[in-house]
Every structure is written in C-alpha cells, then in structure tokens.
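# Understanding the architecture of this molecule
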4 protein chains.
Amino acid sequence: MAGSTYGTIFKIMTWGESHGKALGVVVDGCPAGLSLCEEDIQVYLDRRKPGQSRLSTPRREDDTVEILSGVFEGRTTGTPISLMIRNTSQRSADYSEIASYYRPGHADYTFDAKYGFRDYRGGGRSSGRETAGRVAAGAIAAKLLKEMGITVTAYTRSIGPIEADMSRFDRDAILSTPTAMPDREASLRAEAFLKETMEELDSSGGVLECIVDGLPAGIGDPVFEKLDANLGKALLSIGAVKAVEIGDGVRVSKAKGSENNDSFCILDGRISKRTNHAGGILGGISDGSPLLLRAHVKPTPSIFKPQNTVNTDKEEISVQIKGRHDPVILPRAVVVMESMVALTLIDALMLNMSARAENLIRFYKKTP
Amino acid sequence: MAGSTYGTIFKIMTWGESHGKALGVVVDGCPAGLSLCEEDIQVYLDRRKPGQSRLSTPRREDDTVEILSGVFEGRTTGTPISLMIRNTSQRSADYSEIASYYRPGHADYTFDAKYGFRDYRGGGRSSGRETAGRVAAGAIAAKLLKEMGITVTAYTRSIGPIEADMSRFDRDAILSTPTAMPDREASLRAEAFLKETMEELDSSGGVLECIVDGLPAGIGDPVFEKLDANLGKALLSIGAVKAVEIGDGVRVSKAKGSENNDSFCILDGRISKRTNHAGGILGGISDGSPLLLRAHVKPTPSIFKPQNTVNTDKEEISVQIKGRHDPVILPRAVVVMESMVALTLIDALMLNMSARAENLIRFYKKTP
Amino acid sequence: MAGSTYGTIFKIMTWGESHGKALGVVVDGCPAGLSLCEEDIQVYLDRRKPGQSRLSTPRREDDTVEILSGVFEGRTTGTPISLMIRNTSQRSADYSEIASYYRPGHADYTFDAKYGFRDYRGGGRSSGRETAGRVAAGAIAAKLLKEMGITVTAYTRSIGPIEADMSRFDRDAILSTPTAMPDREASLRAEAFLKETMEELDSSGGVLECIVDGLPAGIGDPVFEKLDANLGKALLSIGAVKAVEIGDGVRVSKAKGSENNDSFCILDGRISKRTNHAGGILGGISDGSPLLLRAHVKPTPSIFKPQNTVNTDKEEISVQIKGRHDPVILPRAVVVMESMVALTLIDALMLNMSARAENLIRFYKKTP
Amino acid sequence: MAGSTYGTIFKIMTWGESHGKALGVVVDGCPAGLSLCEEDIQVYLDRRKPGQSRLSTPRREDDTVEILSGVFEGRTTGTPISLMIRNTSQRSADYSEIASYYRPGHADYTFDAKYGFRDYRGGGRSSGRETAGRVAAGAIAAKLLKEMGITVTAYTRSIGPIEADMSRFDRDAILSTPTAMPDREASLRAEAFLKETMEELDSSGGVLECIVDGLPAGIGDPVFEKLDANLGKALLSIGAVKAVEIGDGVRVSKAKGSENNDSFCILDGRISKRTNHAGGILGGISDGSPLLLRAHVKPTPSIFKPQNTVNTDKEEISVQIKGRHDPVILPRAVVVMESMVALTLIDALMLNMSARAENLIRFYKKTP
C-alpha cells in the first residue's frame, strides 16, 4: 500500500530510511507562483535536527536540503517540487546487532510481520528521521498559509509531570529552550526531570500542543472528511503519538452539555464564540475560533535499562540497547506537528474553494 | 469536497439527511461471494435505533434497510451494494424555528459558513441520523471480518463520572443495558446519573471503548497510513468525538519508557507481548495483540436549559431548544464505533494482500 | 476494487444491475447552491431511454428519477445527492438461458473469471442500463458547466459506412432523428442501412463525436492527469467503445509536423489558433479552442445469427440469442458520452481553482 | 492538482524538468522482497536515451539512475523507492529565445494559461524528458510482471506511410533498429522516409503498438475502472499521443456484429477465443487472450520550417525553431509505452487480489 503519500490536491510523497543514501519528499500540487528558496525549508529542518542541546543526541545530522525541481527563478512552477537531504554521517556499525532481535516499543517485529524482513539500520523507514521529508514539505505549506494570514504554532505542553503554565506563554521560548516549551520556568524544571530520568537509564513521554490562528470559518467537511478527523489522522501518523485531543479533548467525557457548549456571540460585528471548548471545529468544519490540538507522545522506546524481548529465532532474551537516544521525543517533534497540521490545512483550503456553486461559476466567468 | 466517501478498496459513500426522503449507503468494492441478506444488516441498524429505552428519544425510526443492488441469489456479486432506509416518521414542524439561529455546540453556523445555507430540518446532514449509512456498511465489513476470525466489540466505558468495572465485563450486557455498558452494576448507576442530568435539563459526555480480537500481526502501514492514524480518523469522523486514544492513550505522556514498553515473549510458540500498553499497534502496524481504542464523546449539545447564541441576522439572543433529545450520545454510538473500526480494518486487510512480492506472484501463478 | 466510483472532488458512485430493484448514483462533492430539480435530470435520462424509435428495442423502461437527498428548497446543499431509478418492467424469464453459457462479445465470461459467478439477468452490472446512473449525474455536471458558459454536444458521426456531412450540421436533428445524427439526410440513409442489417440478423458499429465550446484555456494537468487522458478514460469506460481520438486523432500518425501544428494567432485581441488539429488540448491542458473528441463504438454483440461459443461446463456449443436488442448502440450512447465528458470537465475545473498561489491567497483573504 | 502521481496501490510520483538539476520518481507501494538493482532500471532508461542513432538528437543525456531508498541488501523493502537521474549536459542558452513566444504544437501557451508563467528551458516539465521517471518506475513494474509470466512488448508499428509487416515480426529488431520497428525491411524504408522528411525541415507521426502476453483472465473492473479505460488513459498521458485503440480499435465502427464478436472455444482444456478482435478485454476485464493496444503519435512539433505564431506580448510573429530535435518521437517512446502499460497492469493485479471473498478469507486464515 502506498502509505508514504499524503494529501489530495496538495499531495506529498516522502521517502528514505535512517541509514540510506538520502531522504526526501516530492510535493505534487503546490500552487504556482509562490516565492520559495532552500532557506525557507532549511529553517524548518533545522528545528528538528538532533544535537542541538543536551536533550537530544549528539549525532550530527546535517540535513541540508536541496531543491531539485519545481522552482524556477525563485518561484514555484506548479509542477512537482522534489526536495532531497543527503544522509552524511550514518554509521551502520552502530545498529547491526539489532538485526537479530525485536526491540520493545519499536516497529522491528511488525515490519517483519508485514514485509517478511526489514532494513534494520537505525530503524530504517520507521526511524524518526523519516519525518525530515514531512518537515521539508510542511515548510512550503506553512509559507502558503502565512500568506493567507494563518499561523500554526506548536510547542511542548508537558514532559512527564512537568507542565507549561500558559499564563507565562512566551513564543520565543519555544524556539530557544531545549524542551520547546513556551514557559522558561517549566522548561528548566523539565530539564532537571529529564536529567534524572536519563540517570535512571529511562525516558519520558509528554504532550505536544498546537494552536492555529487565522483560519476562516467554513473549512473542512461533514461526515468522513471532518477537519478534526483529518488533523487527528495527521497527528497519529507521527510515530509515538498514542492519543489526540481537539479543544477540551478527553475532558468532554466528564462534562455536561451546559459546560461544554460554546455560546455564540457578536464580536466586532462578526459571529464569534465566548469560549472555545470545541477547539475551533463544529461538525467537522472550522468555526472561526483558533484551532486547539493536543498529541500525547509516548516515551522514547530506546532506553538503556535491560529489557526482555525475543530474537528472530523466537528465543526469549534480555537486551540492553546501546547508541545515542534522546530521553524524550517531544522537542524535535514540535516542528513535525506544525508540519502535519500545515499540510492538512492547506489541502482542506484548496479543496474548499469549490464548495459553493457561485464561487466556482464566478471564478471561471472572470478568468480570461 | 467528496467528504461522504470512505475507504480505498472497500469504499463506501453515504447519503441522506435527517428529514429527507431516505438515507443510505453504496458499498463499492465488497468482494464477491459473501453470503448476505437484509437481516445481516438490520441487526446492526437496530442497535442504533432510538426509542429503545428511557435514555433515548421516543421518536420512532423504523430504519428498515432495503438491498437495492449488488446481491444475487444471496451472495454479493462484487459490484456496488446499494442500501436504502426510508425516512418514515420525520415531522419537519418540530425543527422550523432553528432555521433562524445557530444552536450552540451544533454545526448550524459552520454549515452556513461553508455552503452559504443549510438544510435546517433536524440538523440535515450533520444529524446523528447520518450514521445509519455507516452502520449498514459496517455490518457487511464486520461480517467479512468474522469469517476471518476477527471480532470488533465496542461498548460504553463510562458516562460522566460513572465508569464500567472491567473485572465485571459481561458481553451480553452491552446489548441489553440501556447504556451499552458491559457492567450491569455501573449501568444502573449511570442510568440514575442520567436521570438526574435530565432533570437538570442537561446532558452528559462519556467514553466509548473498542477491542479487536483476532487481527493478525502485520496489518497497516508505516508513515501516513498507520493503522492507528486511520482508526483515529475513523473515530474522530463520528460526530461529537473530541479525543481518541490507542492503548494506554493519554497515559503515555506521563509514563516512563520502562513502564510503557511492552516486552516481547513467546506464548504457544508464537511471538507475543506480556503487556499491551501499545494497544496492539507498533509503528502503525498491528502486532498481533488485541487492538484497544477509546473515543471521548462530548455531551449532547441539544439541552433544554436556556442558552445564549446569535441568530442569522447577527443578533445576540437567548434560546431554549425543544424537541426530543437523548441525554447522552453513547449508547447509540457504540455500533457506529464498531462499524467505523470494521470498515477501516477490512480496507487495511485488502490493501495488505500485496505487501509481499512472493504473495502477489504466488497468487497469480496459481490462479487459472 | 471500487470500480464504480468516478471523480476526485465532484465524485460519483453508480450502482444497480439491469434486472435488480433499482439503479442509481450518489453525487458526493457537488457545490452548494445550484438550482436543481428532478426535471433537470429527467430530460437527460429520457435521451437514453429505449423504445423511442424503430432503432431501439420496444422494451419500455420508465427511468423515472427520484432525488432522495442533497437538495433542499430547490437548491443543492453541498452534501451527497442520491438519485434512484426504479426498475419497473424487467422480466427475468427472458434471460435465464444465458446463465449456462458465455455470449460472444459480452462480459459473461470475464465476470465469471473475476468474481467466480455473475448476475446473469440481462447482463447484470455489465448491461447498458448501468449508464443510467452516469447520465443522471452527468445532467448535474452539465447544468453547472452551462452556468459557466460551457456546452457539451455529442452526436452520432457515423453508423457503419454512413457518415454525417458536417456541412449540413443541424443541432436539432441530434435530438429528433432516431440515429442522433446532426445530418437528417445521412440519418435517413443510416436508417435504411440498419434495416438491412437487422434483416441480416446482424448489428453495426459507428462513431460518436463530441464538441465542447466555451472551455477556458488552462484546464487540465501535465503528465498523468492530462485533460485528454482523463477524457479518453471517460470515453473508454463506456461499454463497447474500442478507440478514442482527440482532434485529428488517428490521422496524426500519417501527418507531417507542418500539417499537424496549429499556428497561434490573435483574434479579437485574444490568443487563438487558426486551425484545431490538436482538438483544443496541448500538453494535456486546454488551449481555449473547442474540444473535439471521437469514440469508436463496436457493433451490438447481441445478434440473432447463430454463433459458436462455450458453456459453463466447457463444452463448445452453438447458440442463437433471443430477446430484443438494438441493432446499433450509438443513438442511446450519445447522452452517455455527453455525461462522461461533463463529469470529467467539472472535476478538472474544480481542481484547477488552486493552480495559482495568487488565486488561492486572494480567495481566502476576501472570504469573510 | 497533483497531476504527476499515478496508481492506487503501486503508486508513483514523477518529478523534474528538462533543464533542472535532476529528474526522478518515487515508487510508493512496491511489494517487499523483489530483487532489484540499478542495472534493472538502467536497461530501460537506456532505451529512451537520445543520441543512439541518426534518428534521434545528438544531445548526450547520460541518464544514469541512482537508487536512493527502498532497497536493502538487493531487495525492495516495501517502503518508497526513490530513483534519481542527474541532468548533466543541459545548456540553457539553447532555449532562452523561446521564453518570449509560444511554439506551435507545444504546451508553452497552455502552461502560461494555467500557471501564469512557465519554466521555458527545454519545455520544462512538458518536455519528453519528463518520461525518464515513468520509465524508471516502469522497469520495476515490468520486473514484477515478468516474475508472474506476463510480458509487455511495444514497438513502432508505422512511421508516416511506412508500416511494419507483422508476418516478418522480429523481436530483436525492436531493440536494434533505429526506428524500433519489428520488421527490418520496413525500418529501412522508414529511415529513408525520415531522411527525406528532415531534408524538408519537417517531422512525421506514427503508430506505436503493444502486445501483452500471459495476463490471466479476470483482471480489471466493470464500469469506470475498465482495464481498457485505464490503459487508454495511460497511453494518452504520454505527450503527443492523440488516439488509442484496443484490439480492432477504429475498425469496429465500420464492422458488423458477426464480424466483430470473437467466438469462445476450448483450447487445451481451457476457455479461449478463436479470434481477438476485442484485444483481450471484454466489458473492461481481461479475457485471457493477449492484450493488443495502439497509440497514434503526432509528428514532433519542433520543426525547422518557418512557422506563424504569437509572442507573449500578443503580437503575431514568424519563428524558426533551432536546436536539435528528433524528426519522429516514436523510437524513444516505445519504452515509455511499455512502462505505462506495465504500471497500469501491476496496479490492476494488486487491486484484484481481493475481488473474491474466498481469496481474502483464505489469505488471512493461512497467514501466520
């Protein structure tokens, strides 16, 4: 199955393994005429690079993107944009041992069950490195959204028991703290917690959050292509995400209708809502309030504590994973979350242009 | 956008509004040769019928399904199966008032924002009645799964603060209690809670849970078409679902790696897992353990308490919703959850048949 | 495989067999706000009805369409439009014999090879009656196109050796002659030819032609989704079509570049072409000239002459087909051709709205 | 619109312009376990290279393919296979003049109409070089087909008035003659004809033909996804193809039913046909006979004769195209035809695996 393809009009296909020659993505369906250069993409990729702080592995991944097609004289041409990132510093020797057994919490066993064998070097296609292609494509989607006045902002909401206090929200902190938290104080406490966790040869989960501002009302579809359904799929497609929430999320199951319903009101002459329990989506369609999304990320499965597992000969064994692994996935996943949200929104916006017959007819009557 | 279409090979298209002439679904891609009759589908539809208990509205919806095509001499032919349910007892008079304002928590405003106007009778296409088509198609998917030894079991896990105790799990209770809980004692308490909620002119949310037994390892795809991503989309496409969890779900964000990783072991000569924090999916691919899914359902937005909102003339008003509305959505949504899970799994299984070259080649070498 | 689904944004799913309870189509993705009533669709269906002249079978098919959903107060709502046509006069007795053997030129054998068995009554899903759903959906697409000033006109260009003389082109003749030829004189000669053919217990092929006026330049895509590629698929999906031509079609293979190239020129201040060998499409994208398409239709395979074939027990036998069969397929296929072209164009137009970044950005900046 | 994506399960995305940095394709959905190396792909690419004979341009395109992902230890892993071909010898200087006007018979004007501007270097994305990605992917599809005993053989059937005599069919001649004709004598005459055509500063069209042997009966779908409809789309998506024929093709429109119907018979105990007017497809589904397809290719639009056209300032001008251009497209398009047919067939075969419920059920019951 063609599982590395995403989107309907703004469609992307990502490719590449952790330890292959290169990784990349092709974007088929980007509108023509968008100003685009490699630097636009590189700033996004740099946010998911490892080795940037004491919380991520000291591996050096250059992740330098090259635009191979689809851009001419600084603008997108409407034809496929091929983006490639050469793998420069992978050392296969680090990983050869894991060929013979199934790491707990990883996709080693399920890949074998599906395909009969696997590229075991660094997790192959199931490595977090797979997200480089998503981020490269997401940078383009985010640039288009920005031109429409739509911004997507993701950050680490919590790590283990340490939660960011949103009353101290500081956008700059997202990019400058090693945790990608928007609260510098919580970030320091989370760092201390992670230091302790590493000393215990363990890892920690956490919560990613994302806010979308500026999305007009009316985007998304009823029934199967609900905007929240597609955003939920987008987030659950990120490795290690085990739960997603829209607006009040899991709290709705304990709420009463009178608490959960958002009253409509008039603000500045426009229909608005006094509260946003719905997270900006009603009946699968955006309501003009900010989107609010959360993703629960499991702890890094590669831990240094000894673990029980089985080998490919179906023997029970004990293993101790080596190498360099982040104690927490979240800081580098923030930009992946932004990318998946941006890709989902741009496609929904493009598909929505023909929702009304009058817009469709007017579009072609005026076009020469 | 074609938002009422679902699936890649086993593809369905649902149609119909709450107060239109009929509702239905066409199933395009069901394999040929499956024994199928109207009764197979009717038993599923009957589970989502209202008026079955004191927790659901006394409206009578006959929901009698008619097979219009695709079945010949008791077996599916491989061509589209068209299923129709006539609307028999809708009275438009009940709903005419809501044409002029936007109900809080409903899709009235977002439909207007998207399409410019809406079929306001009973919520039109955003009504819960839309799910009749999903359930009719889901019955066929579930029948196919059953032939492969795969069972999908959904139930109400909690309503407001009342949670089913899984140590008292009783499969029969799901079909016979008015709450669809698998624990008769919790169900009685939930009924009392709902009675109180109704007296307060309010409604309650709750949690749906679903277990899938018998799914082989190796189903689903890495990257965007992860099995959990598609199941998450399936559940979030059900109106009122605001969060989904796989396995440990939201608990992973507070867990450590050593707690969250499931150790592999050998059971009866086969690779298995000692625990199932992962909910049966690793790296987007099934691992042979049972799937475990949860959906958080918001309280029924139609409550009888007075609420503030705006009308279509952009005036702030106070409204009091009339009519007959369930105090909780969950009991009737249980079979919708089963249906969406079944539809998602059957498609994944069909797509997976060609995952290995050897299977593809052998299939056609042996076929005459 | 979901082979009865067509389109990306304007998506349809057709269903129904020759002798089932009903036939129909669901249109998922029609823009909201289009004025639509059953009569709009009925006029298209009436053009494919049999029994209208001495060239088509005296069977009476009422083909009365019912709109079951998606239209409210005379306008499309943007949600799925379900259209149903009850089968009223099918007599299964006429067809029971063919269950035991494979008719030459029909899909009896290939259905068995694919599905293991078939609904043999009247050809089941491979009957020409399958096109009723296409025409019902095509009527909606054509109505949308007309609002944009785009007209699709198909007609019979030739029957056997008798060809319409385009210098006598008479649009009214298409709807009023039994051959659907635009040349009354050729039509009379074709009728005489068909009378003779029927007396020989034989049937005849012919050529359908279609002209599209008013399509703006710039519609369609390079590479795989070329407008001519999609139109070609649309026409080859009509049963009995064995060749398609765009513009000069098969003549290009004998032409020189200097003959085949159309010179660009300026007409009324706009870029135009002096000739139209290309049939209105260059590089897969419309060039503003009329589209010109041809489909070669094979003779009706049901002929009354004795024929050799095999039965389901793999014995060679001689058969003589009974029943009522048109000596030529074309007159009733004209409106099917128009429908498939209209469906293909409306989808291409909707997809094209986001081809330029400036249009996408402007659309959402102006939308409230 | 994502027009550079092809296929449902075996899905490809091609990218790259004539004068960009590179061209390529990503194959998402290739089954795991197929033995594959760069040489397998290179032999296909070499067949479309220019500069191989006096009929193709002396430009040197190295077209050396690099496998960047999806192959591990010599076998496909089931994850995306990224293939890249660096552009090494393009000189933009040759093409800068054409930025200012629209070449007759080319997509210059239609690209501007769609996208607002274009990459004018060497035709950009509408160049024949775009097909390199198709051929690279087609090589993989063809290798899979070969393992199932299915062979796809395309060749030049005619160039201008010179037609290959099929009674002299010589498979080796296809690869060794400069015309890719299977008849050495006709090839010599075609070469003489093309020499003359070049001296007249002109170009010629021709006919490509393709035979598929070994395809089992039962592949393809009724209604919209007919095998011939998809093959027709595949061929019409090749630039310069203006007509396609299946089996007897255009001849069916002049045929009688008694001539066109193929009688079924028993050969070696299997159901077969005495003739093959149908070209191996009945009702959209393969019938077990060889597939027979033809594509009519227009003359190279780049001719050296002076031509009238308009410039981007909407002035009528006369132009004389320079550079190096083949007098006929066909010899290098033969392998493109094979590739598109192979890609279409492999996808149809994969989709067909679940056509029967018994196969689906048996597949998963036996799989561990």
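Everything numeric here is computed off the predicted structure, so don't read it as measured data.

The next thing to look at is the overall build of chain A. In terms of regular secondary structure, chain A is built from 9 helices and 18 strands. Against the globule reference of 21 Å for 368 residues, chain A gives a C-alpha radius of gyration of 22 Å, in line with a compact fold. With respect to the principal axes defined by its C-alpha atoms, chain A has extents near 65 × 50 × 35 Å. For chain A, buried positions account for 68% of its 368 residues. Pairs at least 24 residues apart make up 68% of the contacts formed inside chain A by residues separated by at least 6 positions. Here chain A has roughly 11,400 Å² of accessible surface; of this, 49% comes from carbon and sulfur atoms. Where the 46 positive side-chain charges of chain A centre and where its 47 negative ones centre are 2 Å apart.

Relating one copy of the chain to the other requires a rotation about an axis plus a shift along that axis. With an RMSD of 0.0 Å, chain C superimposes on chain D once it is rotated by 180° and translated 0.0 Å along the axis. In symmetry terms, the pair is related by a two-fold rotation axis. Among all residues of chain C, the minimum C-alpha distance to the rotation axis is found for Lys-233 of chain C, at 2.5 Å. Comparing interface residues between copies, 100% of those in chain C also sit at the interface in chain D, which points to an isologous, same-surface contact.

It is worth spelling out the environment of Gly-20 of chain D at this point. Residue and element names in this part refer to chain D. In this structure, Gly-20 sits in the loop between strand 2 (11–15) and strand 3 (22–28). Residue class for Gly-20 comes out buried when judged on its relative accessible area of 15%. Placed 105 residues apart in sequence, Gly-20 and Arg-125 show a C-alpha to C-alpha distance of 9.3 Å. In this view, Gly-20 contacts Asn-87 and Arg-121; residues no more than four positions away in its chain are not counted.

Residue and element names in this part refer to chain B. If you walk across this open sheet you meet the 5 strands as 1-2-3-7-4, and the pairing is antiparallel. Each having just a single partner strand, strand 1 (5–6) and strand 4 (65–67) make up the two edges of the open sheet. Summarising the sheet, strand 2 (residues 11–15) and strand 3 (residues 22–28) pair through 5 bridges and their orientation is antiparallel. Its bridge partner lying in strand 3, Lys-11 is registered against Asp-28. Sitting on the sheet, helix 3 (residues 131–147) touches strand 2, strand 3 and strand 7 (81–86), and the angle it makes with strand 3 is about 35°.

On to the interface of chain A and chain B, then. Residue-level contacts link 104 residues of chain A with 103 residues of chain B. Around 8,800 Å² of area is buried between chain A and chain B when both sides are counted, 60% of it from carbon and sulfur atoms. There are 8 salt bridges connecting chain A and chain B. Here Glu-225 of chain A makes a salt bridge to Lys-233 of chain B, at a shortest N to O gap of 3.0 Å. Of the residues forming the side of chain A that touches chain B, the biggest block, 7 residues, is contributed by helix 2 (residues 108–115) of chain A. For the side of chain A that touches chain B, the per-class residue count stands at 43 nonpolar, 36 polar and 25 charged. As judged from the 3 bridges shared by strand 11 (residues 241–246) of chain A and strand 11 (residues 241–246) of chain B, these two strands associate in the antiparallel manner. Looking across to strand 11 of chain B, one finds that Ala-243 of chain A is bridged to Glu-245 of chain B.

Residue and element names in this part refer to chain C. Roughly 90 Å³ of volume is contained in the second largest cavity. As for the second largest cavity, its lining consists of 16 residues, of which Phe-111, Arg-118, Asp-119, Gly-123 and Arg-125 are closest to the centre. Taken together, the residues that form the lining of the second largest cavity break down as 5 nonpolar, 5 polar and 6 charged.

Residues and elements named next belong to chain C. The element strand 10 (residues 206–213) is largely enclosed, with a buried count of 6 among its 8 residues. Across 8 bridges, strand 8 (residues 151–159) lies against strand 10 in antiparallel orientation. By the bridge assignment, Val-152 is partnered in strand 10 with Val-212. Note that strand 10 and strand 16 (residues 291–297) share 7 bridges and pair antiparallel. Bridging across to strand 16, Cys-210 finds its partner in Leu-293.

Time to look at the confidence of the model for chain A. Confidence in the prediction of chain A, expressed as mean pLDDT, is 94, and 93% of residues score 70 or more. As scored by the predictor, the complex reaches a pTM of 0.97 and an ipTM of 0.96.

It is worth spelling out the sheet that holds strand 4 (residues 65–67) of chain C at this point. Hydrogen bonding along the main chain pairs the strands of a sheet, whether they run parallel or antiparallel. Residue and element names in this part refer to chain C. An order of 1-2-3-7-4 is seen for the 5 strands of this open sheet, with the pairing classed as antiparallel. Only two strands of the sheet have a single partner each, and these edge strands are strand 1 (5–6) and strand 4. Relative to strand 2 (residues 11–16), strand 1 runs antiparallel, the two being bridged by 2 bridges. Looking across to strand 2, one finds that Tyr-6 is bridged to Ile-12.

On to the nonpolar core. Counting residues in hydrophobic clusters, the biggest one holds 350 residues, and the most contacted among them are Phe-10 of chain A, Phe-10 of chain B, Phe-10 of chain C together with Phe-10 of chain D. Beyond its immediate chain neighbours, meaning those up to four positions away, Phe-10 of chain A contacts Val-27, Asp-28, Gly-29, Cys-30, Pro-31, Ile-140, Ala-141, Leu-144, Leu-343, Ile-346, Asp-347 and Met-350 of chain A.

Residue and element names in this part refer to chain C. Over its 16 residues, helix 5 (residues 184–199) runs 23 Å from end to end, which matches the ideal 22 Å to within 8%, given 1.5 Å per residue. Of the residues making up helix 5, those classed as buried are Ala-186, Ser-187, Ala-190, Glu-191, Phe-193, Leu-194 and Thr-197. Against strand 8 and strand 9 (162–163) lie the buried residues of helix 5. Among the residues trailing helix 5, Leu-201 stands out with phi positive, at a value near 60°.

In this section: the relation of the copies chain A and chain B. Rotating chain A by 180° about the axis while translating it 0.0 Å along that axis superimposes it on chain B, leaving an RMSD of 0.0 Å. The overlap is high: 99% of the interface residues of chain A also sit at the interface in chain B, so the same surface is used on both sides.

This part is about the packing of aromatic side chains. Applying the stated rule across the entire model yields 32 aromatic pairs over all chains. Pairing Phe-363 of chain A with Tyr-364 of chain A gives two aromatic rings, centres 5.0 Å apart and planes at 75°, and the pair type is edge-to-face. The pair Phe-363 of chain A / Tyr-364 of chain A is uniform in exposure class, with both members buried. Ring geometry for Tyr-155 of chain C and Phe-169 of chain C: centres 5.5 Å apart, planes at 75°, overall edge-to-face.

For the rest of this paragraph, the subject is the packing of helix 1 (residues 38–48) of chain A against helix 8 (residues 330–352) of chain A. All names here are of chain A. With their axes 6 Å apart at the nearest point, helix 1 and helix 8 run at an angle of 135° to one another. Here helix 8 runs oblique to helix 1, going by the angle between their axes. The segment helix 1 lies against helix 8, with Tyr-44, Arg-47 and Arg-48 engaging Arg-332, Val-334, Val-335, Glu-338 and Ser-339. Of the residues belonging to the contact of helix 1 with helix 8, the class tally is 3 nonpolar, 1 polar and 4 charged.

About the thresholds
- Residues numbered from 1 in each chain as written.
- Chains lettered and ligands numbered in written order.
- Predicted model: local features only at pLDDT ≥ 70, side-chain atom pairs only at ≥ 80, totals over all residues.
- Heavy atoms only, no water.
- Helix = DSSP H or I, 4+ residues; strand = E, 2+ residues; numbered from the N terminus.
- Rg over C-alpha atoms; globule rule 2.2 N^0.38 Å.
- Buried < 20%, exposed > 50% of the residue type's maximum accessible area, 1.4 Å probe, protein only.
- Contact = heavy atoms within 4.5 Å.
- Areas by Shrake-Rupley, 256 points an atom, 1.4 Å probe, with all protein chains shown as cover.
- Lys, Arg positive; Asp, Glu negative; His and termini not counted.
- Charge placed at Lys NZ, Arg CZ, Asp CG, Glu CD.
- Least-squares fit on C-alpha atoms with pLDDT ≥ 70 in both.
- Pairing = 2+ DSSP bridges.
- Axes fitted to C-alpha atoms, helices over the stretch in contact; angles between N-to-C directions.
- Buried area = accessible area lost by both parts, 1.4 Å probe.
- Salt bridge = Lys/Arg side-chain N within 4 Å of Asp/Glu carboxyl O.
- Nonpolar A, V, L, I, M, F, W, Y, C, P; charged D, E, K, R; others polar.
- 1 Å grid on protein atoms, 1.4 Å probe; cavity = no way out; pocket = protein on both sides within 12 Å on 5 of 7 lines; lining within 4 Å.
- Points joined across faces, edges and corners; volume = space filled by probe spheres on them.
- pLDDT = per-residue confidence, 0-100.
- Core = buried A, V, L, I, M, F, W, Y, C linked by side-chain atoms within 4.5 Å.
- Expected span 1.5 Å × (residues − 1).
- Phe/Tyr/Trp six-rings, centres within 6.5 Å; stacked < 30°, edge-to-face > 60°.
- Parallel < 35°, antiparallel > 145°, perpendicular 65-115°, else oblique.

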